[in-house]
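# Structural characterization, general
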Amino acid sequence: MKWWKAPWLQKIFSPQVTVICLGFLFVLTFWGTLYQVDHGLHAAQVRFFQSYIILLGGFIPFPGAQLVLGVLLLNVLGYTLNLVFFEPLRVGILTMHLGILILLLGGAIIRYHAEEGYLSLWEGEGSNVASSYTDWELAVLGGTGAVKQVTATDVDASVTGDSLRFDPPGLTLSVDAFFPNARAFTSPDADIPWRSSAGISRIEPTRQELDPVQNVAGAILTVTKPDQSTEQLVLFGEDALPITIGDTTYTLALRHRRMPLPLYLTLLDFQRVMHPGTEVAREFSSQVEVSADGSARILTISMNKPLRHRGFTLFQQSYQELPNGAQSSTFAVAKNYGRLLPYYSTGIIVLGMILHFGQMLVQRARRNTRRGA
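Residues numbered from 1 in each chain as written. Predicted model: local features only at pLDDT ≥ 70, side-chain atom pairs only at ≥ 80, totals over all residues. Heavy atoms only, no water.

## Side note on the overall build of the protein
- For the protein, the helix and strand inventory stands at 6 helices and 18 strands.
- The principal-axis extents of the C-alpha atoms in the protein amount to approximately 100 × 50 × 45 Å.
- Residues counted as buried form 36% of the 373 residues belonging to the protein.
- Here the analysis covers contacts within the protein between residues at least 6 apart in sequence; of these, 53% occur between residues at least 24 apart.
- With an accessible surface of roughly 21,500 Å², the protein has 59% of that area assigned to carbon and sulfur atoms.
- Once the 29 positive and 29 negative side-chain charges of the protein are each reduced to a mean point, those two points are 21 Å apart. (Helix = DSSP H or I, 4+ residues; strand = E, 2+ residues; numbered from the N terminus. Buried < 20%, exposed > 50% of the residue type's maximum accessible area, 1.4 Å probe, protein only. Contact = heavy atoms within 4.5 Å. Areas by Shrake-Rupley, 256 points an atom, 1.4 Å probe, with all protein chains shown as cover. Lys, Arg positive; Asp, Glu negative; His and termini not counted. Charge placed at Lys NZ, Arg CZ, Asp CG, Glu CD.)

Listed below in structure tokens is the structure:
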């Protein structure tokens, strides 16, 4: 294990590197918070916390949070292995570092496996389905009334050229093109080769926005029906077109991927409090009815009081108010597989601190006893 004791490697595992990483994280957090005010939450997340390198002025590199956290994880892991194999056992210090490793692991799970979306409801409206911010799907809807039979599949740029089968109703969709962000054009004089809901004559890709919520997807599809007849369609944004097969009419939709929720949420009342003399909301909240597991309860979701249920967390995010007085509330929805890991890691870190300082007190008491003797 001589290579493990190489001076350059041990410098990576040193406490000095830990302090430097924490300093960078402090700067990134402060800087990202200021950036969020003018550019929005998603832009700040992408620029500072989901990047490895930030280019200042377009050419000066500065470490992003992903790079800093990666170095910090390597630093803490190496230091922990030193404690286990190459230094006298100090249970408290070792326990604290294990807690920090679990905390970093929880952050990685949240970063790469958490699902995020939104749910918008008008007063009196209810739903048990949220929508993804960034991911899109193709769906075929059938049935009458409020209850629909839905067959859906995720879609992104990689499916271009693929054939997607929907049973029922026995449709085959050939994806001629899919654009994660697109622009559509109309022209009354154009010879349009496809059917669309808005008379689109041309659709083309465009650069994806830094804020993924602003991206509007588009797709060019060739539909093959069970009788082998074909038709080319264009869907742009949250769009849908009817398709008739025999005596039955189905709906083909391009939409943000739906996230089924383990509850049914009904917005009963939205309330907001404005800053005096301004049109800026100081706080806002939603009174909702939550139906789940055969029972219903009424509670309030506010800016600092989210709703948690079976791994899902619903946060009060924004609202909309029409001139006629109608109000809607939008909830951010997150399914976080590593949600409990920060709590576990914090408990382990506290336990390690108790063990460490307890051990120090015992050692000091023993030294005082020997001196007194």
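## Quick notes on the nonpolar core
- Leu-138, Phe-178, Leu-252 and Leu-254 are the most contacted members of the largest nonpolar core, which totals 23 residues.
- At the level of secondary structure, the elements contributing two or more residues to this core comprise strand 4 (126-142), strand 6 (163-166), strand 7 (171-179), strand 10 (218-224), strand 11 (230-236), strand 12 (239-245) and strand 13 (248-274).
- Considering every element that reaches this core, the biggest residue donor is strand 7, with 4 residues.
- Leaving out residues up to four positions away in the same chain, Leu-254 has contacts with Trp-136, Glu-137, Leu-138, Val-155, Phe-178, Ala-217, Gly-218, Ala-219, Leu-235, Gly-237, Glu-238 and Asp-239. (Core = buried A, V, L, I, M, F, W, Y, C linked by side-chain atoms within 4.5 Å.)

## Quick word on the sheet that holds strand 10
- Spatially, 4 strands are ordered 6-7-10-11 in an open sheet, and the strand pairing comes out antiparallel. The open sheet is flanked by strand 6 and strand 11, the only strands paired with a single partner. The average undirected angle you get between the axes of adjacent strands in this sheet is 30°.
- Taken together, the 7 bridges between strand 7 and strand 10 define a ladder with antiparallel strand orientation. By the bridge assignment for strand 10, Ala-177 is matched with Ile-220. (Pairing = 2+ DSSP bridges. Axes fitted to C-alpha atoms, helices over the stretch in contact; angles between N-to-C directions.)

## Looking at the environment of Trp-8
- Among the secondary structure elements, Trp-8 is positioned in helix 1 (residues 7-12).
- Separated by 21 residues in sequence, Trp-8 and Thr-29 have C-alpha atoms that sit 29 Å apart.

## A look at helix 5 (residues 91-113)
- The end-to-end C-alpha distance of helix 5, which contains 23 residues, comes to 32 Å, matching closely the 33 Å that a straight helix rising 1.5 Å per residue would cover.
- Among all positions in helix 5, only Gly-92, Ile-93, Leu-94, Thr-95, Met-96, His-97, Gly-99, Leu-101, Leu-104 and Gly-106 are buried. (Expected span 1.5 Å × (residues − 1).)

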